[in-house]
Amino acid sequence: MSVPTVLVHRDATVLAKAVAARLITGLADALAAKGSAHLVLTGGGIGTAALAEVAANPAHDAVEWPRLDIWWGDERFLPTGDAERNETAARRALLDHVETDPERVHPIAGPDSGLTAEEAADRYAAELRAASRPEDHGPVPSFDVLMLGLGPDGHVASLFPEMPALYDERPVVAVHGAPKPPPTRITLTLPTIGAAREVWVIAAGEEKAGAVRLALQGSGPFQVPGAGARGRLRTVFLLDRGAAAKIPPDLGRLASP
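Residues numbered from 1 in each chain as written. Predicted model: local features only at pLDDT ≥ 70, side-chain atom pairs only at ≥ 80, totals over all residues. Heavy atoms only, no water.

A. Layout of the packing of helix α1 (residues 12-34) against helix α2 (residues 45-56). At a minimum axis distance of 8 Å, the contact between α1 and α2 shows a crossing angle of 60 degrees. With respect to their mutual orientation, α1 and α2 come out oblique. α1 and α2 meet at a crossing whose hand is right-handed. Facing A12, L15, A16, K17, V19, A20, L23 and I24 of α1, the residues of α2 in contact are I46, A49, A50, L51, E53 and V54. (Axes fitted to C-alpha atoms, helices over the stretch in contact; angles between N-to-C directions. Helix = DSSP H or I, 4+ residues; strand = E, 2+ residues; numbered from the N terminus. Parallel < 35°, antiparallel > 145°, perpendicular 65-115°, else oblique. Left-handed = near helix turned anticlockwise from the far one by under 90°. Contact = heavy atoms within 4.5 Å.)

Quick look at the structure:
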């Protein structure tokens, strides 16, 4: 697991633009080097804002979108097209504005598929397994970038503090009784998150400051799931000043004045 780098931006607007620029550059470089790449998207306000900034950035044409596999870190178990689904937000913010290969966009099934949440989780795990290669050395691809939001309680994806999913080693699991609505969700697990080359934890707002501090300062991942969100090669906490308010001054690097 990599040691996190912490980059602090002036405010949420600058943060979203910086994440977008970083994502465009990272994906373009990965595609140029390998011919294909895997990206895991997050939902939430700042994650969706960053995707909208990608769409608004003229440089997004540098990314060969049809060669990119797009996944989700978690999903609310709601019907396809529901406004509360992470997929719906991502499509409106970015995916409807770039030329992707529909076969390489991998949404998580909702109840309109006829599957239970457990069956939808198993199907997603099978889809991830089918996309992995021998060099990935595991049941999921080595994601080039895996984006995560961070909740005020320290949760990432739909991994909430002290809930059973945190102890699960399967690649994808169903979550029931989530502490924020809707209660039924599907999420990647910590081992799957840890398979990513790079993990980006993105947080904005003073209400996230306590969770950011705990996630960076050695808390256990079962109490603070964000503390277990680490990439194999690199982990970056991308924050605005509000979210960084409680970390030691020497821990973060000011990325924008």
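B. Expanded view of the pairing of strand β3 (residues 68-72). The element β3 is largely enclosed, with a buried count of five among its five residues. Residues L68, I70 and W72 line one face of β3 and the alternating positions D69 and W71 line the opposite face, and both faces are buried. One ladder, built from five bridges, connects strand β2 (residues 37-41) with β3; its direction is parallel. Within β3, the position partnered with L39 by the bridge is I70. (Buried < 20%, exposed > 50% of the residue type's maximum accessible area, 1.4 Å probe, protein only. Pairing = 2+ DSSP bridges.)

C. Focus on the layout of surface pockets. Size it by volume and the largest pocket reaches roughly 340 Å³. Around the largest pocket sit 24 residues that line it, and G43, G44, G149, H155 and K180 are the ones nearest its centre. Broken down by secondary-structure element, the contributors of at least two residues to the lining of the largest pocket are α2, β4 (74-76) and β5 (145-149). Within the lining of the largest pocket, the residues separate by chemical class into ten nonpolar, nine polar and five charged. (1 Å grid on protein atoms, 1.4 Å probe; cavity = no way out; pocket = protein on both sides within 12 Å on 5 of 7 lines; lining within 4 Å. Points joined across faces, edges and corners; volume = space filled by probe spheres on them. Nonpolar A, V, L, I, M, F, W, Y, C, P; charged D, E, K, R; others polar.)

D. Representation of the packing of aromatic side chains. Scanning the model with the defined rule gives two aromatic pairs in all. Measuring from ring centre to ring centre gives 5.7 Å for W71 and Y124, while their planes differ by 75 degrees; the resulting arrangement is edge-to-face. With W71 in strand β3 and Y124 in helix α4 (residues 117-131), the pair connects residues that are 53 residues apart, well separated along the chain. Note on accessibility: W71 and Y124 belong to one class, buried. Residues Y167 and F222 carry aromatic rings whose centres are separated by 4.4 Å and whose planes lie at 5 degrees to one another, so their mutual orientation is stacked. Of this pair, Y167 sits in the loop between β5 and β6 (172-175) while F222 sits in the loop between α6 (209-216) and β9 (234-240); the two residues are 55 residues apart in sequence, bridging distant segments of the chain. The exposure class of F222 is partly exposed, given its relative accessible area of 29%. (Phe/Tyr/Trp six-rings, centres within 6.5 Å; stacked < 30°, edge-to-face > 60°.)

Read these as spatial facts, not as claims about activity.
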